[in-house]
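# Inside the fold
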Amino acid sequence: MNTVPEPRTAAALASRRRKTETALQRVHEAIRRLRREKAQVSVAAVARHADVSRTFLYDNAEARAAVATAMTDAGERRTQLLADQDTEREATWRERALNAEDALKAAHGEIISQRTRIGELLGQIRDLQAEWTEEAIQRITTENTTLKQRVRRLTADNRTLDERLKAARSNLRFQDRRVADLEAQIAAPAG
């Protein structure tokens, strides 16, 4: 029987440990590089960047733990980023909806004010028509026409703002559903 002398065995074991340590250093550097580049961290990506086999990553406990930790951290960062983006979008749509509601209230107030003014002017025309000169009647009639045009314009603006409000509410409902879907995806275990 041929046995390997002990110094050769020790040298082979030392060489294997050095190769393993070098491979582990490459794995850690590959993980750091993937994080820096904001690339997806996966077993395949780490193996490719570290120039090691997937088997090494699964068999070596330290490498397996480092990849698992990096994947978990990347998933948490991505989840937080998506949640932040959805919160920002939702705030924007809510702000738009509130602005549209405020503009709609202001338009309603202006329309009521203009209608009141038109009513007053029409009443003055009827009450004083006999006493007024042709020039005064013409001036009031012109002002009445102008006010009616303004009421029509404000009514059209009101309609437009109402449509925008409906669209903003629809978009907000869509964003709420999207947030709920993303929360469900986040809560679901990775498959």
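Residues numbered from 1 in each chain as written. Predicted model: local features only at pLDDT ≥ 70, side-chain atom pairs only at ≥ 80, totals over all residues. Heavy atoms only, no water.

### Overview of the overall build of the protein chain
Along the protein chain, the regular secondary structure elements total five helices and zero strands. Reading the helices (α) and strands (β) of the protein chain from amino to carboxyl end gives α-α-α-α-α. Here the protein chain has a C-alpha radius of gyration of 37 Å; the compact-globule value for 191 residues is 16 Å, and the former is much larger. With respect to the three principal axes, the spread of C-alpha positions in the protein chain is 135 × 30 × 15 Å. Across the protein chain, contacts joining residues at least 24 apart in sequence account for 68% of those joining residues at least 6 apart. A total accessible area of about 13900 Å² is found for the protein chain, and carbon and sulfur atoms account for 51% of it. Averaging the locations of the 35 positively and 29 negatively charged side chains of the protein chain gives two centres separated by 9 Å. (Helix = DSSP H or I, 4+ residues; strand = E, 2+ residues; numbered from the N terminus. Rg over C-alpha atoms; globule rule 2.2 N^0.38 Å. Contact = heavy atoms within 4.5 Å. Areas by Shrake-Rupley, 256 points an atom, 1.4 Å probe, with all protein chains shown as cover. Lys, Arg positive; Asp, Glu negative; His and termini not counted. Charge placed at Lys NZ, Arg CZ, Asp CG, Glu CD.)

### Focus: the confidence of the model for the protein chain
Looking at the protein chain, pLDDT values average 85 and 94% of them are 70 or higher. Taken element by element, the protein chain is modelled with least confidence in helix H4 (residues 61–128), mean pLDDT 83, and with most confidence in helix H5 (residues 134–187), mean pLDDT 91. (pLDDT = per-residue confidence, 0-100.)

### A few points about the environment of Arg26
Assignment of secondary structure puts Arg26 in helix H1 (residues 6–36). For Arg26, a relative accessible area of 35% corresponds to the partly exposed category. As for Arg26 and Thr133, which are separated by 107 residues in sequence, their C-alpha atoms are 99 Å apart. When sequence neighbours within four positions are dropped, the list of residues in contact with Arg26 reads Ala50, Asp51 and Val52. (Buried < 20%, exposed > 50% of the residue type's maximum accessible area, 1.4 Å probe, protein only.)

### Description of the nonpolar core
The nonpolar side chains of a soluble globular protein tend to be buried, and buried together. Residues Val27, Ile31, Val46, Val52, Phe56, Leu57 and Val67 are the most contacted members of the largest nonpolar core, which totals 19 residues. If you list the elements that add at least two residues to this core, you get H1, helix H2 (43–50), helix H3 (54–59) and H4. In terms of residue count, H1 provides more of this core than any other element does, six residues in total. If you look at the next biggest cluster of nonpolar residues, it comprises seven residues, including Leu104, Ala107, Leu161 and Leu165. (Core = buried A, V, L, I, M, F, W, Y, C linked by side-chain atoms within 4.5 Å.)

### Some details on unusual backbone geometry
Phi is positive for Lys38, which is not a glycine, with a value near 55°. One can find Lys38 in the loop between H1 and H2. Its relative accessible area of 74% is what places Lys38 among the exposed residues. Even without being a glycine, Asp51 presents a positive backbone phi close to 60°. In this fold, Asp51 is placed in the loop between H2 and H3.

### What about the pattern of salt bridges?
It is possible for side chains of opposite charge to pair when their charged atoms get near one another. By the definition in use, this model includes seven salt bridges. For Arg32, the salt bridge identified is with Glu29, shortest N-O distance 3.1 Å. Separated by three residues within a single helix, Arg32 and Glu29 lie in helix H1, roughly one turn from each other. The partly exposed category is assigned to Arg32, whose relative accessible area is 44%. Assessed through its relative accessible area of 29%, Glu29 is described here as partly exposed. (Salt bridge = Lys/Arg side-chain N within 4 Å of Asp/Glu carboxyl O.)

### Notes on the packing of aromatic side chains
To describe a pair of aromatic rings, you give the distance between the ring centres and the angle between the ring planes. The tally for this structure, following the rule as stated, stands at zero aromatic pairs. The residue whose ring lies beneath Arg96 is Trp93, and the NZ or CZ to ring-centre distance is 4.7 Å. (Phe/Tyr/Trp six-rings, centres within 6.5 Å; stacked < 30°, edge-to-face > 60°. Lys NZ or Arg CZ within 6 Å of the ring centre and 35° of its normal.)

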